[in-house]
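Fold and contact review
This is what each chain is made of:
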Amino acid sequence: MSNFPLLERNHHEHGPLAVFPGSLEAARSVAGEMAALIRARAREGRACVLGLATGSTPVSVYAELVRLHREESLSFANVTTFNLDEYYPLSPDQPQSYRRFMRTHLFDHVDLHPARTHLPSGTVPKHEVDAHCAAYEEAIRAAGGIDLQSLGIGRTGHIGFNEPGSPRHSLTRLVTLDPLTRRDAAGDFGGDAATPRHALTMGVRSILNARRVILMAWGQHKADIVRQAIEGEVNSQVTASFLQEHANALFVLDAAAAGSLTRHRTPWLIGSLADQGLAWNERMTRRAILWLSQLKQKPILKLTDDDYNEAGLQDLTRAHGSAYEANLIGFYQMQHTITGWPGGRDPARAKPGDAPVRPLHAPSAAVYPKRVLVLSPHPDDDVISMGGTLCRLVDQGHAVHIAYEVSGAGAVSNEAAWRLFAFVRDSGLANPAESGRLDAFCAGLSGDTAPPTSPELLRWKGLIRRHEAIAAARVCGVAEHQLHFLDLPFYEAEPRSRRYGRADVAALSALLEKFQPHLIYAAGDLDDPHGTHRLCLHVLRDALALATEARAPWLTEAELWLYRGAWAEWPLDEIDLAVPLSPQEVLRRRRAIFRHETQKDQALFLGEDRREFWQRTEDRSRRLAQAYNGLGLAEYEAIEAFKRYAPAEFAASSAF
Ligand code: F6R
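Residues numbered from 1 in each chain as written. Predicted model: local features only at pLDDT ≥ 70, side-chain atom pairs only at ≥ 80, totals over all residues. Heavy atoms only, no water.

What follows covers the domain arrangement of the protein. Segmenting the protein into domains produces domain 1 (17–263), domain 2 (275–335), domain 3 (369–413 + 450–651) and domain 4 (416–447). Centre-to-centre, using C-alpha coordinates, domain 3 lies 32 Å away from domain 4. On the domain 4 side, the residues contacting the 10 residues of domain 3 number eight residues. For the pair domain 3 and domain 4, the two sides together bury roughly 780 Å², of which 69% comes from carbon and sulfur. Looking only at domain 3, the three residues that lose the most surface to domain 4 are L457, W460 and I464, adding up to 52% of its buried area. Along the contact surface separating domain 3 from domain 4 lie two salt bridges. One salt bridge in this structure joins E456 and R437, with 2.6 Å as the shortest N-O distance. At the junction of domain 3 and domain 4, the tally comes to four residue pairs in polar contact (both at pLDDT 80 or more). (Domains from an automatic or database assignment. Contact = heavy atoms within 4.5 Å. Buried area = accessible area lost by both parts, 1.4 Å probe. Salt bridge = Lys/Arg side-chain N within 4 Å of Asp/Glu carboxyl O. Polar contact = N/O pair within 3.5 Å; in protein donor to acceptor, adjacent residues only side chain to side chain.)

The local shell around the ligand holds 13 residues, among which T57, D85, H158, G160 and K222 are the closest. The contact in question runs from an oxygen atom of the ligand to an N or O atom on the backbone of S56, over 2.8 Å. In this structure, an oxygen atom belonging to the ligand sits 2.4 Å away from a side-chain N or O atom of D85. Considered on its own, the ligand offers 400 Å² of accessible surface; in the complex 89% of this is hidden by protein. Classifying every residue of the shell around the ligand gives three nonpolar, eight polar and two charged. (Near = heavy atom within 4 Å. Areas by Shrake-Rupley, 256 points an atom, 1.4 Å probe, with all protein chains shown as cover. Nonpolar A, V, L, I, M, F, W, Y, C, P; charged D, E, K, R; others polar.)

Taken as a whole, this structure holds 36 salt bridges when the rule is applied. Two residues, D307 and K298, come together in a salt bridge whose shortest N-O distance is 2.7 Å. Relative accessible area serves as the criterion here: at 25%, K298 is assigned to the partly exposed category. In this structure, D395 and R588 form a salt bridge, with 3.0 Å as the shortest nitrogen-oxygen distance. (Buried < 20%, exposed > 50% of the residue type's maximum accessible area, 1.4 Å probe, protein only.)

If you trace the three strands from one edge of the open sheet to the other, you get β4-β8-β7, paired in antiparallel fashion. Strand pairing shows two members of the sheet lacking a second neighbour, β4 (85–88) and β7 (173–176), which therefore form its edges. Neighbour to neighbour, the strand axes of the sheet diverge by 30° on average, direction disregarded. Of the strand pairs in this sheet, β4 and strand β8 (residues 198–201) are connected by four bridges, and their pairing is antiparallel. Across the sheet, Y87 pairs through a bridge with A199, a residue of β8. (Pairing = 2+ DSSP bridges. Helix = DSSP H or I, 4+ residues; strand = E, 2+ residues; numbered from the N terminus. Axes fitted to C-alpha atoms, helices over the stretch in contact; angles between N-to-C directions.)

This is how it looks when you write it as structure tokens:
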């Protein structure tokens, strides 16, 4: 029944694995297996029992199931479903409830009988919780057990809400959510205070009892926990690792989520590259040399034949002749990523002996000045992630425009909004006719208890962030008329819908067409807990695909540079462009980040790491500079790094 291209397992991996280039293909295959099972059961006149997950991971699986229902007459008439979990307490019609999620993404769009859909109830009284959980287990048994259980994996390694420490024999029960899980959910609930502390979840045993289990993971932010689940020992600290004990479990990953597995990060530890269908090309060579340099804590040019041999890299020195030759390859690759002229130089001011402007490959390399478009998902990602480079591009005479993709209204606390409304109220500047409304707003906001739901309040919160962005851009020398606020509609929709549409793509396409950038900078930082950066990147991918299809002439000259921001840095071996910053530039960037006052010390989405954004930025770029220095390259105060894509190649890629 399985239609998965299973990988041949190596000795690091303790479970069967299928890896797809992108999450869409992966999700389609999972939906394909579900559909095949439903149909097979229908042919036999039997029911099919599916165990279902919520969260961002299965959204594309449900979209495909709905498509199969609409276009390929897949009927759910014989299907019974059991969901893994529900927040507790939470009513089923709250936008964040998993019942509501399932209705939005699946139940309301297919012919599933409502009485055959089951979720633990977030509204049972506390004293009935145990009986409710026992009844849930009984209902699964009475339905004949689960045929196919689909799962996501949380960053704590949880399956369902089986947080670290959940024992193997656990059944459906009330659990306390891990702080990391709560922080990941805080965006949907409008902040920490409103995020539930508990949930009802099927247990590890309830999950392992299913006849078939498929765990899905997409995106680089899952890569490390996926590696622990697949390559680590079975242990209750990473409950997904229990799947290793299941006779019919499968891990389905996209390339990004598989990125930390030994087969991808350090394939030379598995065996000869040739045997794995890999080669010592420039990238692989660089990756191995950087790995070795960090392992031995030696600059690249000091690595010896013995170092290579001891680390099992004889293959590499053989491929390149000697350690000396290999070292030079790695060293020059890294050196060539560094430039202080990210947009190229004014040819009129060129002097003999100038260092070459290296990492610009595109036909636009000689164009000066360039049209540069910086895409910032939230209003502060531009300065947080690439504030130093932004200032340089402006100072070096390029036409820099910034497009802010979403309003970011959801991240403004009521307390921060109250301060501004109270100022307007007391300033005497407000229209007297509005004073009653202002009073009401201030009163409603001062307790900071009500979640920010009114569209009007959200619009004003968006405006607050807009002015912070304008102020920050001024620090970087970018004037207001060079700023574009796209307010992409997907962000304004229901919190967990996490889908974008034509209107989002059209808004970005129109800007690209109008501005015709030579350089596009975009967030490739997919670790953000709320998923907005990923959606923005997908919107860009679709907009570039449209431009490619239309053979937009500007596209042939354009280059795309992806930056990473507050949550992650590019691994050294993936960096194509490294822009060094002076101490003064670091301070200027800090001033720009400070303009985002509502995000200072009270941001809602800081995640596991409690440092403020400016601190993360400075630590990250300083650490990167130290890493370059550790490789034997020059010592800089800080570095901002980028990965390059040709826009058309990016548009066709499913890696994100
Ligand atoms: C959801 C569930 C959780 C999620 C996990 C990953 O029903 O039980 O285990 O699967 O938290 O969430 P996403 O997919 O949003 O990354």
